[in-house]
2 protein chains.
Amino acid sequence: MDARLVAVAGGQAPADLVIKGGKLVNVYSGEIYDGGVAIAGDTIAAIGEVDYAIGEGTRIIDAGGDFITPGFIDGHIHPESSNLSIRSFAEIALKHGTTSIMTDLHEIGVVGGLEAIEAVIAENQATDLNLYFVVPSHVPFSPMLETSGGEFNTEIIKRALARPDAVGLSEAVGHYILAGFPDLMASIDATLAVRGNTVQGHLPDMEGPTLNACLAAGVSTDHEALDGPQSLERLRNGCHVMLRENSAARTLAVQLGYLLEGDYDSSRLSMVCDDLHCCDAVRRGHMDELIRIALATGLPFIKAIQMVTLNAARAFNLDQSIGGLAPGKRADINITTGPEAFTVKSVISGGKQILDNGEMLVDYPAAEHDAVLLDTLSLLNPITADSFKMAAPEGAAKVKVLVMDTLPWIPITTPREVVLEVIDGVVKCDVEQDVLYIAQVERHGKNGNVGKAFMGGFTLKSGAIASSVGHDNHNVIVLGTNFEDMAVAVNRVVEVQGGQVVVEGGQVIAEVLYPICGLLSDLSAEELALEKDKVNAAIHERGSQIPIPFMFLSFICLAALPNFAITDKGFIDVMTQQIIDPIIGVEA
Amino acid sequence: MDARLVAVAGGQAPADLVIKGGKLVNVYSGEIYDGGVAIAGDTIAAIGEVDYAIGEGTRIIDAGGDFITPGFIDGHIHPESSNLSIRSFAEIALKHGTTSIMTDLHEIGVVGGLEAIEAVIAENQATDLNLYFVVPSHVPFSPMLETSGGEFNTEIIKRALARPDAVGLSEAVGHYILAGFPDLMASIDATLAVRGNTVQGHLPDMEGPTLNACLAAGVSTDHEALDGPQSLERLRNGCHVMLRENSAARTLAVQLGYLLEGDYDSSRLSMVCDDLHCCDAVRRGHMDELIRIALATGLPFIKAIQMVTLNAARAFNLDQSIGGLAPGKRADINITTGPEAFTVKSVISGGKQILDNGEMLVDYPAAEHDAVLLDTLSLLNPITADSFKMAAPEGAAKVKVLVMDTLPWIPITTPREVVLEVIDGVVKCDVEQDVLYIAQVERHGKNGNVGKAFMGGFTLKSGAIASSVGHDNHNVIVLGTNFEDMAVAVNRVVEVQGGQVVVEGGQVIAEVLYPICGLLSDLSAEELALEKDKVNAAIHERGSQIPIPFMFLSFICLAALPNFAITDKGFIDVMTQQIIDPIIGVEA
């Protein structure tokens, strides 16, 4: 009980801050009307007619007729996808009006386990971004098929669930539920034993009975519907639908367009970002961009705001704390334009002003990182050009190999058979046919694995690129036209303890460093975007057409994404979940 | 994790029960469409197209084109107001489609404390009514002004909150919040320390800053708005609004009519009953009657159903468990007509069929009551006619007294000054002026208090009536035209260990017995309604015009209801919370 808050609400003490002269976007009643907000400390004391709360020492912000909305909530976001440290991420998210996120920090967990996640959450305490922890259900996603740094089991998940900021379980995979994985079942039970907790699904390919089974098992939200009918099926079956729009999957307009054709109840729909590329964050925005897209599909303004505030809070049973402008709620408030060219002008998070008419008022210092987050790359064996060589069958001059090609707009891979030459017993790539070497080098110091395969679709003509970001194990992924540059690239990534590099002729041409877990940078979003531009340009100059090649590359390692993947354990047939040999025959 | 449920949902095992051929009322998507429901055990496995779940041993119910709705939820109900044992209450509630209730069992607590409440909850286990416990915040309401059997404090409240069926705190009184009562503040803090818990307000007279203060203190629902503007103010301020319609306050149509004039979001509106008289339960119904009233005001059918299902579940963060038809939800299902002459035809609760086309399939046996619930009336001193005599000031022949008059439609009292005769030093009532004796006799065996005052509005012409039901202390309330009949009536109530009696000329004319805590009967609702008819008829024959006189009388004891009350401690001025003397002067 905050006695001062109650006194301010009751008119017995002056508010710290009053916003007045705005159009109040009331997500509870579904109205927009003239009014203001009175704040005591980090909490809202009153809304509407709030002059009574103005007294000695009350700071007043004139909204100037602009709209006053609740702070935005991203109910499913992996901040690591931005490659920004959590403090830099908080800055860019807050700048665009996001005041709360629900995140599993899964990528951090893959590198350093729960201890590393807790260190990142601790770093976030210095910011004004309100972070709820949704405990990862699978670290790594495919323990039989990849080597990770951190590993979760039910005991660790229970420990994580006991944190006061934990609100549920994240990314429960449909196929694993159907298979009845005992660890997952136990984790779901442990999660739902605490009332208020929820289980977030990862159900991209579930429908009909398989979807029903996942929901019956306890999943209550999903962010993986790709089109309107999938969204509607989830909605009808009691699943809160998180409509996703992100740098790798731009499907929001399609889903909303379909849903707007029916007069469906929208109270169980929210919008989420999932993965946000740093350049998109800087140049498009975060939840404000999703609102713009939603408005362009014809969604009414009040419903668009509800979908990034109240509805998202409800999906986690957090609407008593956040998601609306009302007495007792966290003082998360945006001052925005109306639906025309929607823009967030000012931001208040937890009662503190963050953005003033477009000008940032906060600048979080880089954290002194906990040791668990640093120096996370360690090779068990030296990496040389020989590390990447694939031996052909004895005496073969040519071999038939299975190449995985990425689609150009989404990192889904398809098979292609090609014939490659063998020289000195080693299978050679073929740039003319767009067949490159790809490998993943185990970097957690555990076993020195090097998985190898052949990759198409990136159309790189020379050199090699390597990165310490690779789902869902974050070993070093390397793609190259020759073994020597690949070795230089991998060794450079390890030398700088994480990052993404472009190498040609043995020289580092461009690079961006991720010293935190090999995943994140302490640069600001704006600075990192410029660095990424340089790296991307260096790759594009070498022939690749893919706009964000390293983000695509990071998903080529994901043994859960159809149809093929490369991990430190080898070339993966995702559909059969088997490690296979890319060399499938000897040619005459 | 219910493995069989997941198997049925996934099409791997046959359902126990399938309802098909109905119009599915989907509260999530806001649609009504053709479909069915498949059930495994006590839980829904699938909805919509459910033929795939039919297999060997599956029982099939043909809905025959009728509507299939979720079971109804009453988010705020005191079952004790029906004077039915919890099992009889469960029968009549289930018969009308109510499958879940949220209740504080406050009246039981007033008599026997938490132990008695727990005994009643245990009795309910034998029924199919799903009961969530909302812990009473004040037992009794006015500890300084009345004597109760049970008494709650924060320690007891914490113990109650630890129960697995506890979901929050009930009836936090606005004025007590504003006064900052330390016990209440501590109880609210203890409640909200558990995520998912909510604090239900009792805020009849809060508005503007006082309402804001209560909400800032943590209240998230209220059921005491009496009209449309009060409802809208609560809705706008983030408070879930429970629109109430009950035997003592019929305000639903007024509130809904007002709200329907605006295009307000309805997702935070539910309908509740609060107090339900047994005769109303039998002759009007329960939540089905509220739906009929709502439909008559013009509320769309789907929204009316949402307000007694999903919305109510959401107010308690229970929508993962109940409130809709979806895989994983409790199998609480009604088969109903459409909105025309809305009627519940069949009921399934927790997968078990309760009602089949109007025919009840269950008949819960009377419980073997725990000792804490029985023999609860004990007088410290014998009660005789002298017990009720009020002495006039020495030598006075006439006195001026302050009479409280009840309004005829709601048990709110107003003051009236009258002159009464004094005979043998004792002030005499005056039937001609409609001034009767009223008294409350302490019956918990604690102090033998007898509080005395004068009552108008009941227009009883002869005899006396007494009852062991009297909010918020459940001492014996007695109203009479003469002292002798009053003593007989009180002694009879105590002799039978609870009930309501009508006495004239020293004889019991009519009575109904409440052996459980002096509050509840083991009769069925239908049987009790007939008994109540007889008692009411006996009172009406003696001149009273009030339709449900004993329910009114029970509220005359409530030291929280304006403007006056009688408790065992005396005549209460509710507005000043003082005990006052009804004799205010001596007449010449």
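Residues numbered from 1 in each chain as written. Chains lettered and ligands numbered in written order. Predicted model: local features only at pLDDT ≥ 70, side-chain atom pairs only at ≥ 80, totals over all residues. Heavy atoms only, no water.

Chemist: Describe the pattern of salt bridges, listing the residues and the values that go with them.
Modeler: Applying the stated rule across the entire model yields 58 salt bridges over all chains. Put simply, B:Arg234 and B:Asp222 hold a salt bridge, and the shortest N to O gap is 2.7 Å. With B:Arg234 in helix α8 (residues 228-236) and B:Asp222 in strand β12 (residues 219-222), the pair connects residues that are 12 residues apart, well separated along the chain. Comparing B:Arg234 with B:Asp222, the two get one shared label, buried. As a salt-bridge pair, B:Asp386 and B:Lys389 come within 2.7 Å of each other at their nearest N and O atoms. For B:Lys389, a relative accessible area of 30% corresponds to the partly exposed category. Several salt bridges share partner residues, and in doing so they unite A:Glu245, A:Arg250, A:Asp280 and A:Arg284 into one network. (Salt bridge = Lys/Arg side-chain N within 4 Å of Asp/Glu carboxyl O. Helix = DSSP H or I, 4+ residues; strand = E, 2+ residues; numbered from the N terminus. Buried < 20%, exposed > 50% of the residue type's maximum accessible area, 1.4 Å probe, protein only.)

Chemist: Describe in detail the interface of chain A and chain B, supporting the description with residues and values.
Modeler: Contacts between chain A and chain B engage 57 residues on the former and 57 residues on the latter. Interface area lost by chain A to chain B is led by A:Met1, A:Arg195 and A:Arg236, which between them contribute 19%. With a shortest N-O distance of 3.0 Å, A:Arg268 and B:Asp319 are connected by a salt bridge. Here chain A is connected to chain B by 24 residue pairs in polar contact (both at pLDDT 80 or more). Looking at the side of chain A that touches chain B, the element that brings in the most residues is helix α7 (residues 209-216) of chain A, giving 5 residues. Across the side of chain A that touches chain B, the residue classes tally to 30 nonpolar, 17 polar and 10 charged. (Contact = heavy atoms within 4.5 Å. Buried area = accessible area lost by both parts, 1.4 Å probe. Polar contact = N/O pair within 3.5 Å; in protein donor to acceptor, adjacent residues only side chain to side chain. Nonpolar A, V, L, I, M, F, W, Y, C, P; charged D, E, K, R; others polar.)

Chemist: Give me the lowdown on the sheet that holds strand β30 (residues 570-573) of chain B, citing residues and values where you can.
Modeler: Residues and elements named next belong to chain B. Judged by pairing direction, the sheet is antiparallel, and its 3 strands sit side by side in the order β29-β30-β31 without closing on themselves. The outermost strands of the open sheet, each flanked by one partner alone, are β29 (564-567) and β31 (578-580). For this sheet, the mean angle separating the axes of adjacent strands, direction not counted, is 40°. Looking at chain direction, β29 and β30 are connected through 4 bridges and run antiparallel. Paired with Ala 565 across the bridge in β30 is Ile 572. (Pairing = 2+ DSSP bridges. Axes fitted to C-alpha atoms, helices over the stretch in contact; angles between N-to-C directions.)

Chemist: Go over the relation of the copies chain A and chain B with me, naming the residues and quoting the values.
Modeler: The two copies are related by a screw motion: chain A maps onto chain B through a turn of 180° and a shift of 0.0 Å along the axis, at an RMSD of 0.0 Å. Expressed as an axis order, the relation between the two copies is that of a two-fold axis. Considering only C-alpha atoms, the part of chain A nearest the rotation axis is A:Gly196, at 2.3 Å. Mapped onto chain B, 100% of the interface residues of chain A are again interface residues, and the two copies thus contact each other with one and the same surface. (Least-squares fit on C-alpha atoms with pLDDT ≥ 70 in both.)

Chemist: Help me get a handle on the sheet that holds strand β29 (residues 564-567) of chain A, residues and values and all.
Modeler: Residue and element names in this part refer to chain A. Taken in spatial order, the 3 strands line up as β29-β30-β31 in an open sheet, and their pairing is antiparallel. Where the open sheet ends on each side, the last strands, each with one partner, are β29 and β31 (578-580). Within this sheet the neighbouring strands show an average axis-to-axis angle of 40°, counted without direction. Where strand β30 (residues 570-573) meets β31, 3 bridges bridge the pair, whose relative direction is antiparallel. If you follow Phe 571 over to β31, its bridge partner there is Ile 580.

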